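# An overview of the molecular structure
Here is how the chains run, residue by residue.
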Amino acid sequence: MNFKDFFNKFLLREDSIENIEMKGDWNTPQQYGWSKVDTGILKSARGLERIKTKWKLDQPVDVYLVKGKDVRKFFELGEVSYEFITNKMGLDILPNSDHITVIYTQNTGEEKIPATPWTLAHRLGHALARKDGIGGKNDLYENIRNSVNRLFNEVSKNVYGVDIKDDYLGYTNPEKYKRNRKIKKELGHSLGTFKSARDRNLREDFEFVNEIIAQYIITGKIKLNRELPKILPTSYAWGKASGLYKRNLSESQKEDMKYYIENSESELEYAVDDALNNAIGSIFVM
Ligand SMILES: [Zn+2]
């Protein structure tokens, strides 16, 4: 990163949420998909301000938190059109075509965690993956996923001696597919430096992708662990972990792996940045 990039990223731009607004029925006792904790966070004096200052991405974003009986039916759709939010959802939101527009209609995601700045960033990750409620439509999100899969496979193969490339195994070899996903999830726990990785609490292997997107949005970078555990625990019996054992690597192999992981960080940062750049002018419903 040169000085100009550094200046823009960390000194000039304090945050990049341009506008954060609560819309709809926030004063009714009905929850409509937002927990009491969510409402508490969002309605507290500094709630919105906190989210605003915690998001450190370069791209300008407008965030809308909408609560309502009818609007909650529209969730986890990903990218949608202006006609959709206006005619189908009945919202009076005028998106800025120079910004990313994110509309949260509830917070009942699989993880059931409160609407913190991190959770909302994680859910933007999910939103980037989808179009009109269908997954895997965004090529740039797929790029991030592919980079993660390459990283997982390189580490698994070189450090633990197991090849987990499994493009179509789900159909042809479901047992091996299941095993590979378990290995990926543990690799996510070992490589990730965010809370859910430290707590070994990723819901599924692919959540690693949304967590690094959140890490990038909140910290402006992606940080991976260089040190990998002696045993990659893929099962537990009576409290004892068993799984894949680290191979004996030569000093130069260790150096190569460190270098590979370091490179992956930049590769992932570029990929996430690309996906966010491409999201400018788009509207997302989560
Ligand atoms: Zn998730």
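Please read all numbers here as calculations on a predicted model, not as lab measurements. (Residues numbered from 1 in each chain as written. Predicted model: local features only at pLDDT ≥ 70, side-chain atom pairs only at ≥ 80, totals over all residues. Heavy atoms only, no water.)

### Looking at the side chain of asparagine 138
- Looking at the element boundaries, asparagine 138 is found in the loop between helix 5 (117-129) and helix 6 (139-160).
- Residue class for asparagine 138 comes out buried when judged on its relative accessible area of 13%.
- Polar contacts involving the side chain of asparagine 138 include one to the main-chain carbonyl oxygen of leucine 128, which spans 3.0 Å.
- Asparagine 138 has contacts with Leu128, Ala129 and Asn278, leaving out every residue within four places of it along the chain. (Helix = DSSP H or I, 4+ residues; strand = E, 2+ residues; numbered from the N terminus. Buried < 20%, exposed > 50% of the residue type's maximum accessible area, 1.4 Å probe, protein only. Polar contact = N/O pair within 3.5 Å; in protein donor to acceptor, adjacent residues only side chain to side chain. Contact = heavy atoms within 4.5 Å.)

### Focus on the domain arrangement of the protein
- Per the domain assignment, the segments making up the protein are domain 1 (3-137 + 280-285) and domain 2 (139-275).
- The straight-line distance from the C-alpha centre of domain 1 to that of domain 2 is 28 Å.
- Each partner contributes to the interface: domain 1 provides 21 residues, whereas domain 2 provides 18 residues.
- Of the roughly 1700 Å² buried where domain 1 meets domain 2, counting both sides, 63% is carbon and sulfur surface.
- Taken together, domain 1 and domain 2 are joined by zero salt bridges.
- Breaking the side of domain 1 that touches domain 2 down by element, the ones donating at least two residues are helix 1 (3-12) and helix 5.
- In terms of residue count, helix 5 provides more of the side of domain 1 that touches domain 2 than any other element does, nine residues in total. (Domains from an automatic or database assignment. Buried area = accessible area lost by both parts, 1.4 Å probe. Salt bridge = Lys/Arg side-chain N within 4 Å of Asp/Glu carboxyl O.)

### Some details on helix 6
- Helix length check: helix 6 (22 residues) gives 30 Å between terminal C-alpha atoms against 32 Å at 1.5 Å per residue, within 8%.
- Among the residues of helix 6, Leu140, Tyr141, Ile144, Ser147, Val148, Leu151, Phe152, Asn153, Val155, Ser156, Val159 and Tyr160 are the ones counted as buried.
- On its buried face, helix 6 is in contact with helix 5, helix 8 (174-191), helix 10 (207-219), strand 5 (231-237), strand 6 (240-245) and helix 11 (251-278).
- Two or three places before leucine 140, at the opening of helix 6, asparagine 138 has a side-chain oxygen 2.7 Å from that residue's backbone nitrogen.
- Following helix 6 by one or two positions, glycine 161 adopts a phi angle in the positive range, close to 70 degrees. (Expected span 1.5 Å × (residues − 1).)

### A closer look at the packing of aromatic side chains
- Evaluated as defined, the whole model comprises five aromatic pairs.
- Ring geometry for phenylalanine 74 against phenylalanine 84: centres 5.7 Å apart, planes inclined by 90 degrees, an arrangement best described as edge-to-face. With phenylalanine 74 in the loop between strand 2 (61-67) and strand 3 (78-80) and phenylalanine 84 in helix 4 (residues 82-88), the pair connects residues that are ten residues apart, well separated along the chain.
- Within the aromatic cluster, the residues linked to one another by ring pairs are Trp118, Phe152, Phe194 and Phe208. (Phe/Tyr/Trp six-rings, centres within 6.5 Å; stacked < 30°, edge-to-face > 60°.)

### Observations concerning a positive patch on the surface
- Taken together, the side chains of Arg46, Arg50, Lys54 and Lys56 define a basic patch exposed on the protein surface.
- Topologically, lysine 54 is positioned in helix 3 (residues 47-54). (Patch = residues over 30% accessible without salt bridge, like charges linked within 9 Å, V, L, I, M, F, W, Y side chains within 5 Å. Areas by Shrake-Rupley, 256 points an atom, 1.4 Å probe, with all protein chains shown as cover. Lys, Arg positive; Asp, Glu negative; His and termini not counted. Charge placed at Lys NZ, Arg CZ, Asp CG, Glu CD.)

### A short note on the pattern of salt bridges
- Taken as a whole, this structure holds 16 salt bridges when the rule is applied.
- Among the salt bridges present, the one from aspartate 70 reaches lysine 73, with a minimum N-O distance of 3.7 Å.
- The class for lysine 73 is exposed, based on a relative accessible area of 57%.
- Between glutamate 186 and arginine 200 there is a salt bridge, with the nearest N and O atoms lying 2.8 Å from each other. Residue glutamate 186 is found in helix 8, and its partner arginine 200 is found in the loop between helix 9 (195-198) and helix 10; the two are separated by 14 residues along the sequence.
- Given a relative accessible area of 10%, glutamate 186 falls into the buried group.

### Considering the packing of helix 6 against helix 11
- Two numbers describe how helix 6 lies on helix 11: the axes approach to 8 Å, and their chain directions differ by 170 degrees. Of the possible angle classes, the one that applies to helix 6 and helix 11 is roughly antiparallel. Facing Leu140, Ile144, Ser147, Val148, Arg150, Leu151, Glu154, Val155, Asn158 and Val159 of helix 6, the residues of helix 11 in contact are Met257, Tyr260, Ile261, Ser264, Glu267, Leu268, Ala271, Val272, Asp274, Ala275 and Asn278.
- Looking at side-chain class alone, the contact of helix 6 with helix 11 contains 13 nonpolar, four polar and four charged residues. (Axes fitted to C-alpha atoms, helices over the stretch in contact; angles between N-to-C directions. Parallel < 35°, antiparallel > 145°, perpendicular 65-115°, else oblique. Nonpolar A, V, L, I, M, F, W, Y, C, P; charged D, E, K, R; others polar.)

### Some remarks on the nonpolar core
- Judged by nonpolar contacts, the single largest core of 63 residues is most densely connected at Trp55, Leu65, Tyr104 and Leu191.
- Top element by residues in this core is helix 6. It accounts for nine residues.
- Shared between two domains, this core takes at least three residues from each, and those domains are domain 1 (3-137 + 280-285) and domain 2 (139-275).
- With sequence-adjacent residues up to four places away left out, leucine 65 is seen in contact with Ile20, Glu21, Met22, Lys23, Trp26, Trp34, Leu42, Leu48, Tyr104 and Leu120.
- Grouped together as the second largest cluster of nonpolar side chains are 13 residues, Tyr64, Phe74, Leu77 and Val285 included. (Core = buried A, V, L, I, M, F, W, Y, C linked by side-chain atoms within 4.5 Å.)

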